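# Notes for the structure review
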Amino acid sequence: EICACLVGSEMCIRDRWGYVDSEGKWLINPQFESVDAFHEGWAVVQRENGEYGFTDTDGKIMNDAWYKGATRFSSGKAWVVAENTAPVLIDTKGNKLSEVREALRVYSYTEGLAMALVKDEKTGRTLYGYLDGKGKWAIKPQFESVGAFSEGRAAVARTNEEKNRMEHGYIDKSGALVIPYQFAYARHFEKNGKAVVSINGDNGWVDGVIDRDGHYLITPQFGSLMPDGDELTCLSLIHISEPTRHA
């Protein structure tokens, strides 16, 4: 087991991140501005000038390459962006697999799909879609806001022009809308197949819980609901407050 560790002292100008093993021994000395956990043998780290690279457990940077942005590895693939270039898909050896010239930003893969942001040349709006493992569009850009896939569902949003507010629903991996736009906010599905959603109440948002088909398991009534991380139970109420949030 490898853990990221932050060190600093009154004599330090800045804190630095490194990695220790399960016994607290340094594997990679503190030297980075920020770090991520290891995924598939590599961890994304950031150096002082703001650039990102991939380190192995010995502290060696993959191909001595640094990027403007980088995602963690998933299924042997990660996205990187160099200065003034489009997002590039690489393998765990740093080899280029594909490129998405139109994308402004690409996120990490979850369940085989990666969120990606583009700019609509006709309207000037930014829209989200999803890329497959080859860097091709699995779901074309069409959403104003999206979430990562979880349990085969992803939260997406559009603006309701008549009500002048954002509405959220859920799509499946084909891009089909399987739970209609109806929520003020929609969170990702937990491993137990349940998700917390918010609707507009009389005095702000109220939270409830739905299943993968969009059926309410807990009718929206609480000021705030949070998952407890237990796959066997439902979602536990952590905080109850008067509904005071507003869309």
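These numbers come from a predicted model, not from an experiment.

Take the sheet that holds strand β11 (residues 103–110) next. Neighbouring strands of a sheet are bound in pairs by backbone hydrogen bonds; such pairs are parallel or else antiparallel. Across the sheet, 4 strands lie side by side as β11-β12-β13-β14; this open sheet has antiparallel pairing. The open sheet terminates on both sides in strands that have one partner only, identified here as β11 and β14 (137–143). Between one strand axis and the next, the sheet turns by 20 degrees as a mean value, whatever way the strands run. With 5 bridges connecting them, β11 and strand β12 (residues 113–119) associate as antiparallel partners. Bridged to R105 within β12 is L117.

This structure, assessed with the given rule, holds 9 salt bridges. Of the charged contacts, one joins E23 and K25 as a salt bridge, the two residues approaching to 3.6 Å between their closest N and O atoms. Each member of the pair, E23 together with K25, is exposed. Put simply, E99 and R101 hold a salt bridge, and the shortest N to O gap is 3.8 Å. By relative accessible area, which is 69% here, R101 ends up exposed. By sharing partners, the salt bridges in this structure join R16, E33 and E48 into a single network.

Turning our attention to the pairing of strand β22 (residues 216–222). Two elements, strand β21 (residues 204–211) and β22, share 3 bridges in a ladder whose sense is antiparallel. Residue pairing for β22: D207 is matched across the bridge by F222. Where β21 folds back onto β22 in an antiparallel hairpin, the turn is made up of 4 residues, including G214, whose phi is positive at roughly 90 degrees.

A few words on the pairing of β14. When strand β13 (residues 126–131) meets β14, the two strands line up antiparallel, connected through 3 bridges. Looking at β14, one finds that Y128 is bridged to F143. Here β13 folds back onto β14, and the loop between the two strands holds 5 residues, one of which, G135, carries a positive phi near 85 degrees.

How each quantity is defined
- Residues numbered from 1 in each chain as written.
- Predicted model: local features only at pLDDT ≥ 70, side-chain atom pairs only at ≥ 80, totals over all residues.
- Heavy atoms only, no water.
- Pairing = 2+ DSSP bridges.
- Helix = DSSP H or I, 4+ residues; strand = E, 2+ residues; numbered from the N terminus.
- Axes fitted to C-alpha atoms, helices over the stretch in contact; angles between N-to-C directions.
- Salt bridge = Lys/Arg side-chain N within 4 Å of Asp/Glu carboxyl O.
- Buried < 20%, exposed > 50% of the residue type's maximum accessible area, 1.4 Å probe, protein only.

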